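Structure at a glance
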Amino acid sequence: MQHRAAMFCRMLEKGFHSSAQRANKHHLRFPPLTSVDLPDIWIPRHDASIAKTCSPHLKTNSAIGQTARVLEGKPIANNINSRISAEICEMKSTIGKTPGLGVILVGGRRDSQSFVHIKMKACMKVGIAPFTVELPEDCTEAELFDAVSSFNENPLIHGVVVQLPLPKHLDEEKIISYVSPEKDVDGFHPTNVGNLAMRGREPSFIPCASKGCIELLLWNDVEIKGKNVVVVGRSKLVGLPTSLLMQRHHATVTTVHAFTGNPEHVTCGADILVSDIGVPNMIRGHWLKPGVVVVDMGANSVEDTGSLQGHRLIGDVCYEEAIVKASAITPVPGGVGPITISMLLSNTVDAAKRTYRNT
């Protein structure tokens, strides 16, 4: 009996060491996730830089050549902004307070300056007090932290936005994480993104573009629940949170990225296609199945000698080809963009209401 017990113990010990070795081996093979992060660099398979490469002469969604319903964002944004303005007026009259939004701009990027100008103008239109800090391109991380800290601690400011992208010498992740989660009206703080990803959790704020995408679909009575949704792009600003939010709305979600093989085969299965990859006209008509709903969240500036500015905005999706295959499509500009600004205003008002409710 003792002999058998000794053999059994040796077998257990041997098995334990083998298991430990296997576990250690597997552990060594699994690298830190940050070490496998790669940039999504999309390489167009054609000359997609100008709209004339798109051809509207495709087989259409119906025998009579019916085109898609255009999902305009401006009327929705105007409606939401009117409600926000009324809410702010009521806040002023009842407690004598107004919401405040602080925006930090680093450097002189023309597109970033334009976005900040649009946000500040929208704030003033609905009655949100705007605050801005502009830092030079070569500012230090410490200087940026100080600016964020001052907004975090300012009781008149309820929402804090650091305009992205930042210059390469600044660590975006560290800066985003330094914004107070209670004032993170962009919804990019890891706490808010984490709560968005987990069922049963409620983030303090949802990223504005993703929230705007859902809002546009709901306003237009587009069913999300149970639908096949393909999100093209997985950026932390739009693609990732949009995928998470679609899942929270019970869609079956597939992400297409720069390393996806034959992406057009994947997108052809989409009932709803959302794109934000920053490549003009990348998604062509043959990427789409008839009747798909297309939400184009790309905004790409391309040269246009016929325009007064010498350039114009177009989306990631070839509009001329998509409009004859889709059942509904957003224009660029004028689609999700205006609603995204409205969602920022809405988040700021929500932040103010929480603050005053708790004081």
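The structure this text deals with has already been given above.
Conventions and cut-offs
- Residues numbered from 1 in each chain as written.
- Predicted model: local features only at pLDDT ≥ 70, side-chain atom pairs only at ≥ 80, totals over all residues.
- Heavy atoms only, no water.
- Helix = DSSP H or I, 4+ residues; strand = E, 2+ residues; numbered from the N terminus.
- Buried < 20%, exposed > 50% of the residue type's maximum accessible area, 1.4 Å probe, protein only.
- Contact = heavy atoms within 4.5 Å.
- Areas by Shrake-Rupley, 256 points an atom, 1.4 Å probe, with all protein chains shown as cover.
- Pairing = 2+ DSSP bridges.
- Right-handed = clockwise from strand over helix to strand, strands pointing away.

Quick look at the overall build of the protein chain now. Counting secondary structure elements, the protein chain contains 11 helices and 11 strands. When the 359 residues of the protein chain are sorted by exposure, 44% land in the buried category. Counting contacts in the protein chain only where the partners sit at least 6 residues apart, residues at least 24 apart contribute 72% of the total. For the protein chain, the accessible area works out to roughly 19300 Å², and carbon and sulfur atoms hold 56% of it.

Overall, parallel pairing links the six strands, which are arranged β1-β11-β8-β7-β5-β6 in an open sheet. Edge positions in the sheet fall to β1 (69–70) and β6 (252–256), since each has one partner strand and no second. Across four bridges, strand β7 (residues 272–275) lies against strand β8 (residues 293–296) in parallel orientation. In the strand pairing of β8, Ile272 is matched with Val293.

To continue, consider the pairing of β7. Residue alternation in β7 divides its side chains into two sets, Ile272 and Val274 and Leu273 and Ser275, and both sets are buried. Here four bridges tie strand β5 (residues 228–232) to β7, and the two strands are oriented parallel to one another. Within β7, the residue paired with Val231 across the bridge is Val274.

A separate point is the pairing of β5. Burial analysis of β5 places four of its five residues in the buried class, the great majority of the element. A crossover links β5 with its parallel partner β6, the connecting element being helix α8 (residues 239–248), and its sense is right-handed.

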